Amino acid sequence: QVQLVESGGGLVQPGGFLRLSCAASGSIFSINAMGWYRQAPGKQRELVAVISSGGSTNYADSVKGRFTISRDNAKNTVYLEMNSLKPEDTAVYYCNAEGTGDYWGQGTQVTVSS
């Protein structure tokens, strides 16, 4: 089993910055890719960014150039730096880890509003 704990969400004005963190514990040796997904009210959960164990990254078109995913394997933590935030980025953000299983964090709310 893998446990994921997210932190760093909150309320920010448009154009602002937030950094999300996701700390993994448990059977971390089984983790390959880690990523961030988000779900806005009334919408399906969507991929935001993913990073492989080797450091390869992939982003949703809507966040390319604004968001950066990174991974600290020594700390078993994945980060999502979000710049130039827009109101449409408002959602619950979930951390995901894929390996022998598919694991999810509890989610952290990000609200972009003036």
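Cut-offs and rules
- Residues numbered from 1 in each chain as written.
- Predicted model: local features only at pLDDT ≥ 70, side-chain atom pairs only at ≥ 80, totals over all residues.
- Heavy atoms only, no water.
- Helix = DSSP H or I, 4+ residues; strand = E, 2+ residues; numbered from the N terminus.
- Buried < 20%, exposed > 50% of the residue type's maximum accessible area, 1.4 Å probe, protein only.
- Contact = heavy atoms within 4.5 Å.

1. Things to note about the side chain of D89
Following the sequence through the fold, D89 ends up in the loop between β8 (77-82) and β9 (91-98). D89 sits in the buried class, given a relative accessible area of 0%. Once you skip the residues sitting within four places of it in the chain, D89 turns out to touch R38, R66, F67, S84, V110 and V112.

2. Focus on unusual backbone geometry
In this structure, N76 is a non-glycine residue whose phi angle is positive, near 55°. The backbone of S84 sits at a positive phi, close to 50°, despite the residue not being glycine. Turning to its location among the elements, S84 is positioned in the loop between β8 and β9.

3. Section: the environment of N76
Here N76 shows up in the loop between β7 (67-72) and β8. We classify N76 as partly exposed; its relative accessible area is 26%. Linking N76 and L4, residues 72 residues apart in sequence, is a C-alpha distance of 9.8 Å. The contacts of N76, once residues within four sequence positions are left out, are C22, A23, A24 and I28.

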